[in-house]
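The primary structure of each chain is shown beneath.
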Amino acid sequence: MKVTSLLLLAVLGLSSCEWGAPGKKEPDAIFKDTLAYTYQAIHERAADCGSKADSACTVVKIKYPLFKGNAILNDTIKRKLLNLFMLSEKPDTSLNTMAAAFLRSYTDFKKDNPKSAMYYILDSYVKVIGQDSALVALEYGGYNFQGGAHGASFTGFINWDGKTNKNVTLDDILVDGYHTELTKIAEQIFRKNEKLTDTSSLARDYFFKDNKFALNENYSITPAGIKFVYNQYEIKPYAAGKTELLLPYSQIKKLMRPQSVAAQYIHKNAGI
């Protein structure tokens, strides 16, 4: 399979970061350490695509960063992509073999259904959404369609500590016993976002277990706060799409560990 490399070195100076727009130069310059990476891309089309556009035939698109000299992070990224949609009973061993297997499944479908105009889609990615002296933040996700009423989409996150070379969890940045209070604060924000009163039932429009609000384990540690994302079908009907819930540090600062990798964001945004 043909794999192309789209060069994108993550070169961030003291005056900028990768959390969206370039940042202003800060006196303490927390945005300084970076990991270098290049984007890799797999782009494969089914044999019957011909001159059709990618949007009108079976295509596999996979794009992800490859970090220089960081096998552990690169392996984590690969595993996220291989397990994203679980295209077979067991995950494939490489992204190339997964792409080939996906195209074979389409070929087999066409053999059994030669008159069908349906085509498959596999479009997945990992992208760097933020990088500074404490964390490398990545988003992964994509869309998969192999028949049915609609396809499946997903958005997830990797919060990577470049110094310890491991994924950062809530246990790493929040104090012991944080769960109950964090959930309480999150529900208040959720109800405000959804225009619900404090006593409105969650039974009719949401899929929470036992109709009780709960946080999931899908979150991004950002400079503004901890952002949780509920994917389609997780707490709402498919048509409602995904739901984002940001918990600003100003509202959860009492739950934050003072020496964690998120401490710089607390001081910067919560006025501590």
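Novice: Before we go on, may I ask you to explain unusual backbone geometry in this structure?
Specialist: For residues besides glycine, phi is generally negative; the peptide bonds are generally trans as well. For Lys195, which is not glycine, the phi torsion reads 60° and is therefore positive. With respect to the helices and strands, the residue Lys195 is situated in the loop between helix H4 (179-193) and strand S8 (219-221). In the Ramachandran plot, Asn211 falls in the positive-phi region, its phi being about 60° despite a non-glycine side chain. Turning to its location among the elements, Asn211 is positioned in the loop between H4 and S8. The class of Asn211 is partly exposed, set by a relative accessible area of 41%.

Novice: Honestly, the sheet that holds strand S10 (residues 243-248) in this entry has me stumped. Any pointers?
Specialist: As a general point, the strands of a sheet are linked pairwise by backbone hydrogen bonds and lie either parallel or antiparallel. The 3 strands are arranged S8-S9-S10 in an open sheet whose pairing can be described as antiparallel. The sheet is open, and its two edges are formed by S8 and S10, each paired on a single side. If you compare each strand with its neighbour and ignore which way they point, the axes differ by 20° on average. When strand S9 (residues 225-230) meets S10, the two strands line up antiparallel, connected through 6 bridges. Bridge assignment links Lys227 to a residue of S10, and that residue is Leu246.

Conventions we followed
In this convention, every chain numbers its residues from 1, walking through the sequence in written order. Residue-level local features of this predicted model are given only where pLDDT is at least 70; pairs of side-chain atoms are given and counted only at 80 or more, and the full residue set underlies all totals for whole chains, interfaces and linings. In computing side-chain values, all of the structure's heavy atoms are included and hydrogens and water are not. A run of H or I in DSSP becomes a helix once it reaches four residues, and a run of E becomes a strand once it reaches two; helices and strands are each numbered from the N terminus. Only protein chains enter the accessibility calculation, which uses a 1.4 Å probe; a residue whose area is less than 20% of its type maximum is buried, one above 50% is exposed, and one in between is partly exposed. Should DSSP find at least two bridges between two strands, the strands are taken to pair. Interaxial angles span 0 to 180 degrees and are taken between N-to-C directions of axes, which are lines fitted to C-alpha atoms, for helices over the stretch in contact.

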